[in-house]
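# Structural overview for review
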Amino acid sequence: MSLPQTTHIVIRNDIADLAAVTSAMERVGTEYGMPKTPLFQLQVALDEMVSNVIKYAWPAGGAHDIEIRITARDEGVEVEIIDDGRMFDPRDAPKRDKPLPGKRPQPGGVGAQMTKQLVDRIDYARIGSRNHTTLTKRCALGPAASSGEQS
Amino acid sequence: MKKTALRMEDSRAGPVCILSIGGRIDSGNAADLLDRLNGLLAAGEKTILLDFKEVLYLTSAAFRVLLVATDEAERNAARVVLCGLAGQVRELFEMGGLLEAFTVHGSREDALAKF
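Residues numbered from 1 in each chain as written. Chains lettered and ligands numbered in written order. Predicted model: local features only at pLDDT ≥ 70, side-chain atom pairs only at ≥ 80, totals over all residues. Heavy atoms only, no water.

### A word on the pattern of salt bridges
When charged atoms on two side chains of opposite charge get close, those side chains can pair. Just so we agree on the cut-off: The term salt bridge refers to a side-chain nitrogen of Lys or Arg lying within 4 Å of a carboxyl oxygen of Asp or Glu. We count a stretch as a helix when DSSP gives it H or I for four or more residues in a row; a strand needs E for two or more, and each element gets its number in order from the N terminus. Accessible area is worked out with a 1.4 Å probe on protein chains only. A residue is then buried under 20% of its type maximum, exposed over 50%, and partly exposed in between.
Considering all chains together, one arrives at 15 salt bridges over all chains under this definition. Between D89 of chain A and R91 of chain A there is a salt bridge whose closest N-O contact spans 2.9 Å. The partner of E72 of chain B in a salt bridge is R75 of chain B, with the nearest N and O atoms 2.9 Å apart. Here the residue E72 of chain B and the residue R75 of chain B both occupy positions in helix α2 (residues 60-75), the gap between them amounting to three residues, near one helical turn. Since its relative accessible area comes to 25%, E72 of chain B is described here as partly exposed. When its relative accessible area of 62% is taken as the criterion, R75 of chain B is described as exposed. Salt bridges here are not isolated pairs; linked through shared partners, they connect R12, D14 and D17 of chain A.

As structure tokens, then:
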């Protein structure tokens, strides 16, 4: 199959739709022979980003669409998340405070910290009235790549 | 195994309440896990062992629940202990900088031997 190939899905800004995003990512990853570990990591990163959009992008609420484009390329997989919520560049997410000695860490910011480690690149652009956030995971694709990895 | 559902089942080993978790924990169902943990604490459980062996997928929503439940346990003079973290799920705990935030044992048997 010649690459790049893009799969396009649209969900509502409803937390219940998150599982559909993971499933779509799973289908695409399997179809293009993405190895299990990068696929899992990209799924979690995508989940973190989309759940943040659902929770924070529209302070006034209301029903909105979130568009997700998953593109398989020779050098890996790219996921673009497009929403018409308030402007937010995920690369500007504040760093977590280190917990005080003997204290448990606060939960805020854990998702952003994980996402940075789960993908190779995070890009962002505000185009018109929309946020375009792109996560890139570099990995080899194809049957040889996916079968070479232990589950 | 289905990735999209969260499964929870409790059992008992002496004074320890074991909650086996399986499947997927995300923003959509993390509140169900918190409700279950709060319910066990409210019922007077003092040691809750969370077995993650069957967890296939989780996001930071799970960490939020664990941090909140651990604090709640402390307020009730109880404790929440984790076991069965492996592979990619364990790596997520490491990436979130959370492995040190909880009491974590290897297998369920390892954990029960410590109580």
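### Side note on the sheet that holds strand β1 (residues 5-12) of chain A
Strand pairing in a sheet takes place through backbone hydrogen bonds and is either antiparallel or parallel in direction. All names here are of chain A. Selection rule: The pairing criterion for strands is at least two bridges between them, as found by DSSP. Helix axes are fitted only over the stretch in contact, all axes being lines through C-alpha atoms; the angle between N-to-C directions runs from 0 to 180 degrees.
Taken together, the five strands give an open sheet; going across it, the order is β1-β2-β3-β5-β4, and neighbouring strands pair in antiparallel fashion. Every interior strand has two partners, whereas the edge strands, β1 and β4 (121-127), have only one. Strand-to-strand, the axes of this sheet are offset by a mean angle of 15°, without reference to chain direction. In this sheet, strand β2 (residues 65-73) lies alongside β1 in antiparallel orientation, the contact comprising eight bridges. When the bridges of β2 are listed, V10 appears paired with E67.

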